Amino acid sequence: MIITNYSRLALILAALAIAGQLEAQVDLPAPESGTEDQTEAAPSPELTPEAPVQIRPDEGSPVAGTEVNAPQFDIGRHFHLSGSLNGGYDDNVNLIPGGSPSWYANPTGNVRYQFGSARLAMDLLTGGGVNYYFDHPDGRYYDPIIYLQFSLAYKVTPRLTINFSSSSAFQSQPELGTALSANFRLGNYFRSLNHLSADYKLSHRLTSVTGYALYALEYESPAASGHDRLQHAFSEQLRYLWMPTTTVSGEYRFSLNESQGAQGESTTQSLIAGLEQSFSPRFKASLHSGVQFRSQNGGDQTSPYVETSLQYELGSQGRTAQGQSAASTYIIWTNRYSIEESDQQQAAGRETFRTNLKLNYAITARISASLALIYSHGDNGTSNQISSGSLGGSSTETTFDITPSIRYAITQRCAVNAGYRYTKVDRGSGATALEPLQSVASYTRNRYFAGITISF
């Protein structure tokens with residue numbers, strides 16, 4: 001299995017979309033009259049509604065854990081460029097028990113390009129930087145950060161819309177907000193989450209969504225190749241606009257999971273019912289629940305599936321020179337209980353509860369406070385069907401990561417920030433038997449930081 005070839009898919013599709021956007025600036029025919037006001041306005045579940053993009057203040061990368069923003073039609077062109085320089089103190093740069101401390105610097109830059117005509121809409125956010133350590137114990141003085149978030153929507157006909165989204169990154173630090181990463185250091189790695197869907201309106205109330213997703217994880221070091229994963233997921237969903245603000249859905253998912261480790265191949269089938277409610281243009285919530293069936297090496301695993309999301313945006317305190325919110329108040333909260341692929345080579349599926357919270361509060365037009373919270377708790381199964389108790393201890397994993405920070409806008413183009421990040425990863429003693437070749441002991445990390453951001 002060569003994951004790298006698949007992971008280039010997102011970049012290729014993004015390039016094709018940019019090259020062909022001028023050809024798509026053609027107005028669609030006028031919509032049918034009569035009951036058009038009852039047409040489902042909610043976007044595909046593969047893309048979430050537009051929400052603020054929160055950049056992690058201590059290392060200049062997007063906070064993971066939620067899907068890529070849906071692009072907007074009929075907005076013209078918008079281009080935004082920013083750069084930042086952060087620095088601070090990290091008391092555990094190698095993420096091990098009793099790890100070594102170091103001062104660090106973090107220069108980053110990013111570009112965001114948005115385009116929306118009557119038929120084609122796209123949203124591109126890309127950037128990169130480094131975490132440079134002045135006193136790294138292993139002689140590894142910098143960690144790379146390169147990321148790409150991209151979404152595209154194309155109206156083929158008034159009834160048919162094609163959606164594509166991608167979230168990809170090359171980095172060294174574990175990404176604790178997503179299942180597509182180990183929660184301890186294994187060197188540089190590439191991760192990519194890609195979704196492609198076709199939405200077809202069968203009627204003014206009923207919509208079918210046919211989807212395909214590709215998830216890829218590949219580590220640069222051959223010693224960590226046992227953690228490489230590739231997942232193909234296929235889905236079919238029916239969405240019904242029950243009321244103007246309420247949508248109900250039913251969905252079937254089938255995924256094929258390939259691993260370089262001892263897990264080998266596995267399949268997961270899911271039956272999910274959903275309810276999405278729009279309380280106002282600024283307040284939306286959803287609930288999806290069902291059951292999952294996982295099969296691997298002759299062993300079967302069944303688990304409930306529950307996913308909730310809440311998104312609320314109060315408004316903003318002023319605007320920047322680019323027309324964006326200078327300081328806004330919003331909350332994005334997602335929860336999920338499901339079977340995930342374990343990051344331990346000897347483990348099978350991991351039943352995991354995961355919650356991600358992003359909160360920003362505009363105190364004044366210049367001052368805002370933010371909070372990013374990640375929590376997950378998982379119980380690893382074993383690929384040879386031996387109970388975790390016979391391995392000599394619990395095989396649970398608990399992750400807690402919290403980052404409070406404050407931002408002050410000196411001008412519309414320049415702002416300073418300061419904050420603190422605390423991380424705790426608690427791995428049960430049974431994890432040692434599941435992962436004999438890696439250091440899997442629990443650890444904590446404290447990071448203090450401050451920086452400046454300039455935008456154009």
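Up top is the structure these notes are about.
Bear in mind the structure is a predicted one, so any value in this text is a computation, not a measurement.

> Even after reading the chapter, I still don't get the pattern of salt bridges, so can you show me in this structure?
When charged atoms on two side chains of opposite charge get close, those side chains can pair. One pass over the structure, following the stated rule, counts 17 salt bridges. In this structure, the salt-bridge partner of D58 is R447, at a minimum N-O distance of 3.0 Å. Of this pair, D58 sits in the loop between α2 (9–19) and β1 (76–90) while R447 sits in strand β18 (residues 443–455), and the two are 389 residues apart along the sequence. The class for D58 is buried, based on a relative accessible area of 0%. With a relative accessible area of 0%, R447 lands in the buried category. Linking R350 and E340 is a salt bridge whose minimum nitrogen-to-oxygen distance equals 3.3 Å. Here E340 lies in strand β13 (residues 328–341) and R350 lies in strand β14 (residues 347–362), a separation of 10 residues in the sequence. Judged on exposure class, the residue R350 and its partner E340 are both buried.

> How do you make sense of the environment of L85 when you look at a structure like this?
With respect to the helices, strands and loops of the structure, L85 is situated in strand β1. For L85, a relative accessible area of 47% corresponds to the partly exposed category. It is 5.5 Å that separates the C-alpha atoms of L85 and G451, two residues lying 366 residues apart in sequence. Those residues in contact with L85 that lie beyond four places of it in its chain are N106, P107, A450, G451 and I452.

> In this structure, what is going on with the packing of aromatic side chains? I would like to understand it.
Aromatic ring pairs are reported here in terms of the distance separating the ring centres and the angle at which the planes meet. All chains considered together, the criterion is met by 12 aromatic pairs. Where F353 meets Y375, the ring centres are 6.4 Å apart and the plane angle is 55°; that geometry is what we call tilted. Residue F353 is found in strand β14, and its partner Y375 is found in strand β15 (residues 367–382); the two are separated by 22 residues along the sequence. Ring pairing ties together the aromatic residues Y132, F134 and Y141, which thus form one cluster. One residue, K155, lies across the ring of F73, its end atom 4.3 Å from the ring centre. Its guanidinium or amino end placed over the ring of Y104, R447 lies 4.5 Å from that ring's centre, counting from NZ or CZ.

> What is the right way to look at the pairing of strand β17 (residues 414–427) in this model?
Every regular strand shows the same layout, with side chains that alternate between the two sheet faces. As judged from the 11 bridges shared by strand β16 (residues 396–409) and β17, these two strands associate in the antiparallel manner. Bridging from a neighbouring strand, R407 pairs with N417 of β17. Remark: four residues form the turn of the hairpin made by β16 and β17, two consecutive strands paired antiparallel. Summarising the sheet, β17 and β18 pair through 12 bridges and their orientation is antiparallel. Each bridged residue has a counterpart across the sheet, and for V416 the counterpart in β18 is I452.

> Any chance you could explain the side chain of R185 here in plain terms?
Note that R185 resides in the loop between β5 (160–171) and β6 (189–201). A polar contact of 3.0 Å, which involves the side chain of R185, links it to the side chain of D143. Once you skip the residues sitting within four places of it in the chain, R185 turns out to touch V93, N94, L95, R140, D143, S172, Q173 and P174.

> What should I look at first to understand the nonpolar core in this one?
One recurring pattern in soluble globular proteins is that nonpolar side chains are buried together. By size, the foremost hydrophobic cluster in this structure holds 15 residues, and its most contacted members are L186, Y215 and Y219. Per-element tally for this core: the top contributor is strand β7 (residues 206–219), with four residues. Discounting chain neighbours no more than four positions away, the residues touching Y219 are S181, A182, L186, G187, N188, Y189, A224, H227 and D228. Of all hydrophobic cores here, the second largest spans nine residues; its members include F115, L120, M122 and F164.

> For this particular structure, what's the right way to read the side chain of S172?
Position of S172 relative to the elements: it lies in the loop between β5 and β6. On the basis of relative accessible area, S172 is assigned to the buried category, the value being 1%. Ignoring any residue separated from it by four or fewer positions in sequence, one finds S172 in contact with R140, D143, P144, R185, G187, N188 and Y189.

Procedures and definitions
- Residues numbered from 1 in each chain as written.
- Predicted model: local features only at pLDDT ≥ 70, side-chain atom pairs only at ≥ 80, totals over all residues.
- Heavy atoms only, no water.
- Salt bridge = Lys/Arg side-chain N within 4 Å of Asp/Glu carboxyl O.
- Helix = DSSP H or I, 4+ residues; strand = E, 2+ residues; numbered from the N terminus.
- Buried < 20%, exposed > 50% of the residue type's maximum accessible area, 1.4 Å probe, protein only.
- Contact = heavy atoms within 4.5 Å.
- Phe/Tyr/Trp six-rings, centres within 6.5 Å; stacked < 30°, edge-to-face > 60°.
- Lys NZ or Arg CZ within 6 Å of the ring centre and 35° of its normal.
- Pairing = 2+ DSSP bridges.
- Polar contact = N/O pair within 3.5 Å; in protein donor to acceptor, adjacent residues only side chain to side chain.
- Core = buried A, V, L, I, M, F, W, Y, C linked by side-chain atoms within 4.5 Å.

As far as function goes, none of this settles anything; it's purely spatial.
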